[in-house]
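# Residue-level structure breakdown
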Amino acid sequence: MFNKILVAYDGSETAQNALHKAIEMKMTLKDSYLEVVHVFQVASAVLGDALLTAPVMVQDDLYEAAETLTSEVRQQIAHLPFAAATLLDGGPPAKVILDYAEEHQFDLIISGSRGLGTFKELLLGSVSYEIVQHAKIPVLIVK
Ligand code: ATP
Ligand code: MG
Ligand code: MG
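Read on for a plain summary of the structure. None of the values given here were measured: they were computed from a predicted structure.

Cut-offs and rules
Residues numbered from 1 in each chain as written. Chains lettered and ligands numbered in written order. Predicted model: local features only at pLDDT ≥ 70, side-chain atom pairs only at ≥ 80, totals over all residues. Heavy atoms only, no water. Phe/Tyr/Trp six-rings, centres within 6.5 Å; stacked < 30°, edge-to-face > 60°. Lys NZ or Arg CZ within 6 Å of the ring centre and 35° of its normal. Helix = DSSP H or I, 4+ residues; strand = E, 2+ residues; numbered from the N terminus. Polar contact = N/O pair within 3.5 Å; in protein donor to acceptor, adjacent residues only side chain to side chain. Contact = heavy atoms within 4.5 Å.

On to the packing of aromatic side chains. Enumeration over the complete set of coordinates arrives at 4 aromatic pairs. Look at Tyr 100 and Phe 106: their rings are 6.2 Å apart centre to centre, the planes differ by 25°, and that puts the pair in the stacked class. Ring-pair connections join several aromatic residues into one group, and the members of that group are Tyr 33, Phe 82, Tyr 100 and Phe 106. Looking at Lys 4, its charged tip hangs above the ring of Phe 106, at a distance of 4.7 Å from the centre.

This part covers the side chain of His 38. By the secondary structure assignment, His 38 is in strand E2 (residues 33-39). Within the local environment of His 38, its side chain forms a polar contact with the backbone oxygen of Tyr 9, the two atoms lying 2.7 Å apart. Leave out the neighbours within four places in its chain, and His 38 touches Tyr 9, Asp 10, Ala 66, Leu 69, Thr 70, Thr 86, Leu 87 and Leu 88.

Rendered as structure tokens:
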């Protein structure tokens, strides 16, 4: 049914729930491939334009945090055959994830509903919204 599953991961509670569901699903789907991607966002995207002029150090710290997040996931899925965790960058998370899914011919994207943002009233955050809105393949949103 689903052979290549892509998980969008930002370390948030719903993303962790998404990862757990993805692992369960992968274990029921023989020979399926699971890849968890975290997209690094430059400081200006996360914290505002003021940080465009911030010391390079801040960017480095954030990149290091993104690497740590990715290797934590790598450890979580180490027991699974045919699974990987990848740190991506190069643009807005939703676009990077959708392009990656298309380029590598994934057939399902699993995302958390909300992320690390503070405004929790809406069902979806901007990243999960963009993914659902523009994906050409099925998307599973996990709350
Ligand atoms: P916003 O970012 O719009 O303020 P939010 O942080 O609450 O709101 P999203 O960022 O849309 O919500 O997060 C929803 C889901 O999208 C997350 O649970 C995660 O699955 C995925 N996601 C968000 N950011 C990233 C990222 N940088 N890399 C990979 N997946 C991400
Ligand atoms: Mg977010
Ligand atoms: Mg945001």
